[in-house]
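What follows is each chain in one-letter form.
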Amino acid sequence: MSSSRWAVNGPDDIGLEVEGCRFLSNDHGAPMMCNLICQVVGRHIHIDYCHALDAAACTGNNEVQHISKQMLPNSEWAKDFMTHNLFWQRANFKDPYSQEEQANFFH
């Protein structure tokens, strides 16, 4: 997660504690590995910069959902919620979870 940033829903001073580390929106994700975050936090949302030229391209897509409000980091850049599967595809890593664990992310 060295290039990742945290996005925490709520006011800027609201944080999330994970394994004794407190994270705020826009904090670097480097202190923890991606797969550890998924295991410890449980159900959560992955966010990435929107790859579509037009936000309408994100509607009706089962892998991404466009985020209409601005959020940190880089609030001027459009972002999408994305599935666990798409996150690992874009990261160019093999999903470290079993099929059973992956199923938990979809229900």
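What you are looking at is a predicted structure, and each value in this text was computed from that prediction instead of being measured.

Inspection of the sheet shows strand β1 (residues 15-18) paired to strand β2 (residues 21-24) by four bridges, in the antiparallel sense. Among the inter-strand pairings, V18 is bridged to a residue of β2, identified as C21. Between β1 and β2, which pair antiparallel one after the other, the connecting turn spans two residues, and E19 there sits at a positive phi close to 50°.

Applying the stated rule across the entire model yields one aromatic pair. Pairing Y49 with W77 gives two aromatic rings, centres 4.9 Å apart and planes at 70°, and the pair type is edge-to-face. Taken together, the positions of Y49 in strand β3 (residues 46-49) and W77 in the loop between β4 (64-67) and β5 (79-82) put the pair 28 residues apart, joining distant regions of the chain. Taking the relative accessible area as the measure of exposure, Y49 reaches 28% and is therefore partly exposed. On the basis of relative accessibility, which here comes to 47%, the residue W77 falls in the partly exposed class.

It is worth spelling out the pattern of salt bridges at this point. In total, this model carries one salt bridge according to the counting rule given. Salt-bridge contacts for D48 lead to R90; the nearest nitrogen and oxygen are separated by 2.8 Å. One end of the pair, D48, is in strand β3; the other, R90, is in helix α2 (residues 84-90), with 42 residues separating them in the sequence.

So, how was this worked out
- Residues numbered from 1 in each chain as written.
- Predicted model: local features only at pLDDT ≥ 70, side-chain atom pairs only at ≥ 80, totals over all residues.
- Heavy atoms only, no water.
- Pairing = 2+ DSSP bridges.
- Helix = DSSP H or I, 4+ residues; strand = E, 2+ residues; numbered from the N terminus.
- Phe/Tyr/Trp six-rings, centres within 6.5 Å; stacked < 30°, edge-to-face > 60°.
- Buried < 20%, exposed > 50% of the residue type's maximum accessible area, 1.4 Å probe, protein only.
- Salt bridge = Lys/Arg side-chain N within 4 Å of Asp/Glu carboxyl O.

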